[in-house]
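Residue-level structural notes
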Amino acid sequence: MKKRLKGNVRDAALQLLMDIEEGGSYSNLALNNVIQTYELNEKDRRLLTQLVYGTLQMRDALDYRMSPYVRGKLSGWVRQLLRLSVYQLDYLTRIPDRAIVYEAVEIAKRRGHQGIVRTVNGILRSYLRSGGAPFEAIEDPLERLATETSHPLWMIEAWVNQYGFEAAEGIAFANNTVPERTARINRTQTTDEEVLEELTDFGYAVEKHPYVDVAILLAEGSFASSFAFRDGRLSIQDASSMLAVDALEVEEHMTVLDLCAAPGGKTTYIAESMNNTGKVYAHDIHAHKISKIEEQATRLHLTNIEASELDGVDVKEQYEPSTFDRILIDAPCSGLGVIRRKPEIKYTKSEEDVVALSHLQFKLVKESIPLLKVGGTLVYSTCTMDQRENEEVVTRVLAQFPNMRLKKTYAHEQLDLEEEMIQLLPNEWESDGFFIAAFVKEE
Ligand SMILES: C[S@@+](CC[C@H](N)C(=O)[O-])C[C@H]1O[C@@H](n2cnc3c(N)ncnc32)[C@H](O)[C@@H]1O
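Residues numbered from 1 in each chain as written. Predicted model: local features only at pLDDT ≥ 70, side-chain atom pairs only at ≥ 80, totals over all residues.

Observations regarding the overall build of the protein chain
Let me state the cut-off plainly: Numbering goes from the N terminus for both helices and strands, where a helix is a DSSP run of H or I of at least four residues and a strand is a run of E of at least two. Using C-alpha atoms as the atom set, the radius of gyration is obtained and then compared with a globule rule of 2.2 Å times the number of residues to the power 0.38. Residue burial is a threshold on neighbouring C-beta atoms within 10 Å of the residue's own C-beta, all placed from the backbone, with 20 or more meaning buried, 12 or fewer meaning exposed, and counts in between meaning partly exposed.
When its secondary structure is counted, the protein chain shows 20 helices and twelve strands. For 443 residues, the compact-globule estimate of 2.2 N^0.38 gives 22 Å, and the protein chain sits close to it at 24 Å. The C-alpha extent of the protein chain, read off along each of the three principal axes, is 75 × 50 × 40 Å. Scored against the burial criterion, the 443 residues of the protein chain give a buried share of 45%.

This is the structure in structure tokens:
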């Protein structure tokens, strides 16, 4: 039996925003937790998701918009309540303005004293009367883009420097959109035709993915509620992640190392691509995440995965040289490519993180290379857009290991790309922002 929600959807949204911003919860996990714990109809579930994601996505833009009317420092929940309300006023035009202000004042009454109620009411009424601060008033184009799309300035500057203004603008706006719903077919358990027909019969609007062979797309709803997902014929995964595994070009009976594997999205695809033969050794530095890999393997009926805890920088002590036919290093990264799914990344990651991660990433690749057989393939991937974590790591590997050469793969073929290093930008491919480079080891 699910519990009943205390208060209404906006109270729940406010609490979630507090948990994410002040308690450090991850937006996707916190939201799923509420959806699974409480009784919510479809309409409320959608509204809650939109309120939480929208307010978080637009956080800095909302602060800027209401800035002319805010005097002094606001306490945590009051600031979140105002952001939540201004988000609705600016972006959810089908909700009447008066209803938004009324709800906000009622929440303020439930949570605070008379003075706070007056502050909330006053700020929102001034906002309605005079309109928020206009983005056009920000003269510097980079600052304007940062504020309007609610990104830190350093991130916008880095993308402009690395990819140009137009691409940076595309990325920043794409980061505030809803990601596509994609799933991977477990071809060890079903065929593409069978699963598409079954999903269509159950009323899901599905189709083949436009450029990733093993993927399907859903127009609305969720794959998670389908029989096909529950009995292990589907995995929910972004197309870009599937391409990282396609770049490995695994074959049956191979021995594969997946060094940064949890929660196992790519490990299980490698195992499926080998048709449940050979062996995938899957590691992660966090012991508590190993069970997630095992759960996925069990759900998908895969028996060729061995998962255990390991700090990747110590991998050479664990295996003999030249053990593996294939190695995947899906490295820990700044995650700027998955901002659409976890908007809080915009506010928690710093440029220092990018630099620190690039050193760890290089180390993970460097330590793994001796374990690769000659003729074998190593794929380095990240879910980020920053050359310091991507192209520059690859350049360091090429400079230090003359026997490692970049190669084109089945991932390149599907994307019809000439560049050896693949940088997917979210505005170009309707995917997460993602980087893939495949090396072959020569004598
Ligand atoms: C991008 S995620 C991997 C996602 C995974 N490959 C998938 O597709 O489901 C990076 C993972 O690296 C792990 N990690 C971080 N530092 C590590 C290290 N030094 N050695 C091994 N794993 C590490 C993190 O715990 C995290 O689970």
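So much for the structure itself; the text now carries on.
Focus on the domain arrangement of the protein chain
Filter applied, for reference: Annotation comment: domain bounds sourced from an automatic or database domain assignment. Two residues qualify as being in contact provided that their C-beta atoms, derived from the backbone, are within 7 Å of each other. Three residue categories are used. Nonpolar comprises Ala, Val, Leu, Ile, Met, Phe, Trp, Tyr, Cys and Pro, charged comprises Asp, Glu, Lys and Arg, and polar comprises the others, including Gly.
Structurally, the protein chain comprises domain 1 (9-133), domain 2 (136-174), domain 3 (181-236) and domain 4 (246-441). Computed from C-alpha atoms alone, the centre-to-centre distance between domain 3 and domain 4 is 24 Å. The interface of domain 3 with domain 4 comprises ten residues on the first partner and eleven residues on the second. Residues belonging to the side of domain 3 that touches domain 4 are distributed by class as follows: two nonpolar, five polar and three charged.

Structural notes on the packing of helix H13 (residues 239-246) against helix H14 (residues 265-273)
Working note: a packed helix pair is described by the angle between its axes plus the distance between those axes. Worth spelling out the cut-off: Structural elements are reduced to axes, namely lines fitted to C-alpha atoms, with helices fitted over the stretch in contact, and the angle between N-to-C directions of any two is expressed from 0 to 180 degrees. Here the word oblique covers every angle except those under 35 degrees (roughly parallel), over 145 (roughly antiparallel) and from 65 to 115 (roughly perpendicular). Left-handed describes a crossing in which the near helix is turned anticlockwise from the far one by less than a right angle; the clockwise case is right-handed.
At a minimum axis separation of 9 Å, H13 and H14 run at an interaxial angle of 50 degrees. Classed by the angle they form, the pair H13 and H14 counts as oblique. Judged by the sense of rotation from one axis to the other, the crossing of H13 with H14 is right-handed. Residues Ser241, Met242, Ala244 and Val245 of H13 pack against Gly265, Lys266, Tyr269, Ile270 and Ser273 of H14. Classifying every residue of the contact of H13 with H14 by side-chain character gives five nonpolar, three polar and one charged.

With respect to the packing of helix H2 (residues 27-37) against helix H3 (residues 42-57)
Contact geometry for H2 and H3: axes closest at 11 Å, N-to-C directions at 160 degrees. The angle between the axes of H2 and H3 places the two elements in the roughly antiparallel class. In terms of crossing hand, the pair formed by H2 and H3 is right-handed. Contacts from Ser27, Leu31 and Ile35 of H2 reach H3 at Arg45, Thr49, Val52, Tyr53 and Leu56. Residues belonging to the contact of H2 with H3 are distributed by class as follows: five nonpolar, two polar and one charged.

A look at the nonpolar core
Operational definition: By convention the nonpolar core is taken to be a set of buried residues drawn from Ala, Val, Leu, Ile, Met, Phe, Trp, Tyr and Cys and joined through C-beta atoms within 7 Å.
By size, the foremost hydrophobic cluster in this structure holds 89 residues, and its most contacted members are Ile270, Ile327, Ile329, Val379, Tyr380 and Ile436. Ranked by residue count, the leading element in this core is strand E12 (residues 434-441), at six residues. Aside from chain neighbours lying at most four places away, what touches tyrosine 380 is Ile329, Ala331, Val365, Val393, Val394 and Ala437. Ile20, Tyr53, Leu56 and Leu82 belong to the second-largest nonpolar core, a separate cluster that totals 35 residues.

What to know about the UniProt feature "binding site: S-adenosyl-L-methionine" (unreviewed entry) in the protein chain
The condition is simple: UniProt positions are given in the numbering used here, feature names are shortened, and annotations may be inferred rather than shown by experiment.
Mapped onto the present numbering, the UniProt feature "binding site: S-adenosyl-L-methionine" (unreviewed entry) falls at Cys260, Ala261, Ala262, Pro263, Gly264, Gly265, Lys266, Asp284, Asp311 and Asp330. With respect to the helices, strands and loops of the structure, cysteine 260 is situated in the loop between strand E5 (255-258) and H14. Ignoring anything within four residues of it in the chain, the contact list for cysteine 260 reads Asp284, Gly312, Ile329, Asp330, Ala331 and Pro332. Of note, proline 263 is situated in the loop between E5 and H14. Those residues within four positions of proline 263 in sequence are excluded, and the remaining contacts are Lys289, Lys292, Ile293 and Gln296.

Structural notes on the site of the ligand
Our working definition: In this text, near has one meaning. A residue is near a molecule or strand if its C-beta atom, placed using the backbone, is within 6 Å of it.
Around the ligand, a shell composed of 20 residues is seen, among which Cys260, Gly265, Gly312, Asp330 and Pro332 lie nearest. Elements with a minimum of two residues in the shell around the ligand: H14 and strand E6 (279-284). Classifying every residue of the shell around the ligand by side-chain character gives nine nonpolar, six polar and five charged.

Let's talk about the UniProt feature "active site" (unreviewed entry) in the protein chain
The feature "active site" (unreviewed entry), as given by UniProt, occupies Cys383 in the numbering adopted here. Looking at the element boundaries, cysteine 383 is found in the loop between strand E9 (372-382) and helix H18 (391-400). Cysteine 383 sits in the buried class, given 24 other C-beta atoms within 10 Å. Non-local contacts of cysteine 383, meaning those with residues more than four positions away in its chain, are made with Cys333, Gly335, Gly337, Val338, Asp432, Gly433 and Phe434.

Describing the confidence of the model for the protein chain
Operational definition: Scored between 0 and 100, pLDDT is the confidence that the predictor attaches to each residue.
The predicted model of the protein chain averages 95 in pLDDT, with 99% of residues at 70 or higher. Reported for the predicted complex are a pTM of 0.94 and an ipTM of 1.00.

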